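Here are the chains, one letter per residue:
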Amino acid sequence: MKTLITYCTTHGCTEKTATELKQFLGGEVLLINLKKEAVNDLSSFDRIIVGGSIHAGQIQKKIKEFCNEHYETLKNKELGLFICCMEEGEKAEIQLHDAFPEGLLLSAKATACLGGEFDFNKMNFFQKLIVKKVSKVENSVSHLNHDAIKRFSQQMNQIFNPFMFFV
Ligand SMILES: Cc1cc2nc3c(=O)[nH]c(=O)nc-3n(C[C@H](O)[C@H](O)[C@H](O)COP(=O)(O)O)c2cc1C
């Protein structure tokens, strides 16, 4: 089983999440940061996981482009889609649904909001200003959801067995 985790990160949280996911997935797992490397040939992968983070309501443009460019291939793979963000509950779910094409969300084996982090050491002046004003947060904080990361990888690891319907 060969898995590709392809992601975009602005301040490193999605990269941390992708690395944590990798630990729980079986087989060979390759991590690719789409901002640094391009992936053109997806044919050798059995599973593909795509993840990005939400900034001002939007996932990274490169994730959108990747999903559109490889739409048909992704639809026919064992697919996982996730976002990192600081919103929770319904707002996070809306952001997840806006981030990926509807057809991919429907065909994916696992989809999830895996939490997020505010890292003030990595933000520029304007980002700090926005986060302080909108989220009323003054210091770095992590809400990375480690249980959700584990659940997501368990869903990805599940093997479909047609005989399960007969027991
Ligand atoms: C300037 C800025 C804008 C953000 N906007 C949103 C947002 O609209 N919705 C949200 O849920 N989280 C938002 N966040 C939180 C990020 O999604 C969170 O910090 C995430 O963990 C970033 O992941 P990354 O480090 O991989 O980019 C924002 C963060 C920053 C710094």
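The following refers to the structure shown. (Residues numbered from 1 in each chain as written. Predicted model: local features only at pLDDT ≥ 70, side-chain atom pairs only at ≥ 80, totals over all residues.)

**Some points on the overall build of the chain**
The helix and strand tally for the chain stands at 7 helices and 8 strands. Taken against the 2.2 N^0.38 rule, which gives 15 Å for 167 residues, the C-alpha radius of gyration of the chain at 16 Å falls within 12% of a compact globule. By principal-axis analysis of the C-alpha atoms, the chain measures approximately 55 × 35 × 30 Å. Taking all 167 residues of the chain together, the buried fraction comes to 32%. Considering only contacts within the chain whose residues lie at least 6 apart along the sequence, 77% involve residues at least 24 apart. (Helix = DSSP H or I, 4+ residues; strand = E, 2+ residues; numbered from the N terminus. Rg over C-alpha atoms; globule rule 2.2 N^0.38 Å. Buried ≥ 20, exposed ≤ 12 C-beta atoms within 10 Å, placed from the backbone. Contact = placed C-beta atoms within 7 Å.)

**Some points on the nonpolar core**
Among the nonpolar cores identified, the biggest contains 37 residues, and Val-50, Ile-63, Ile-83, Cys-85, Cys-113, Leu-114 and Phe-152 are the most heavily contacted of them. Of all elements in the fold, only strand S1 (2-7), helix H1 (13-24), strand S3 (47-55), helix H2 (61-69), strand S5 (78-84), helix H4 (89-99), strand S6 (110-113) and helix H7 (146-157) reach the threshold of two or more residues within this core. Of the residues forming this core, the biggest block, 5 residues, is contributed by S5. Setting aside chain neighbours within four positions, we find Phe-152 in contact with Leu-21, Gly-80, Phe-82, Ala-110, Ala-112 and Leu-114. (Core = buried A, V, L, I, M, F, W, Y, C linked by C-beta atoms within 7 Å.)

**Regarding the environment of Leu-105**
By the secondary structure assignment, Leu-105 is in helix H5 (residues 102-107). For the pair Leu-105 and Ile-159, spaced 54 residues apart in the sequence, the C-alpha separation amounts to 19 Å. With sequence-adjacent residues up to four places away left out, Leu-105 is seen in contact with Leu-81, His-97, Phe-100 and Thr-111.

**As for H4**
Side chains three or four residues apart in an α-helix point the same way, a direct result of the helix having 3.6 residues per turn. Within the span of H4, buried status applies to Ala-92, Leu-96 and Ala-99. Along H4, the residues classed as buried sweep out an arc of 65° about the axis, all on the same side. Opposite the buried face of H4, by more than 90 degrees, sit the exposed residues Glu-90 and Asp-98. On the buried face of H4, the contacting elements are S3, strand S4 (58-59), S5 and S6. (Arc of directions from axis to C-beta.)

**Things to note about the pairing of S5**
Across the 7 residues of S5, 6 count as buried, placing the element largely inside the fold. Note that S3 and S5 share 7 bridges and pair parallel. Note on S5: the bridge partner recorded for Arg-47 is Glu-78. (Pairing = 2+ DSSP bridges.)

**Some points on unusual backbone geometry**
Positioned with a positive phi, Ala-56 is a non-glycine residue whose angle comes to about 50°. Along the polypeptide, Ala-56 turns up in the loop between S3 and S4. Of the residues examined, Ala-56 has 6 C-beta atoms within 10 Å and is grouped as exposed. Although it is not a glycine, Lys-136 adopts a positive phi angle of roughly 55°. Note that Lys-136 resides in the loop between helix H6 (125-135) and strand S8 (141-142).

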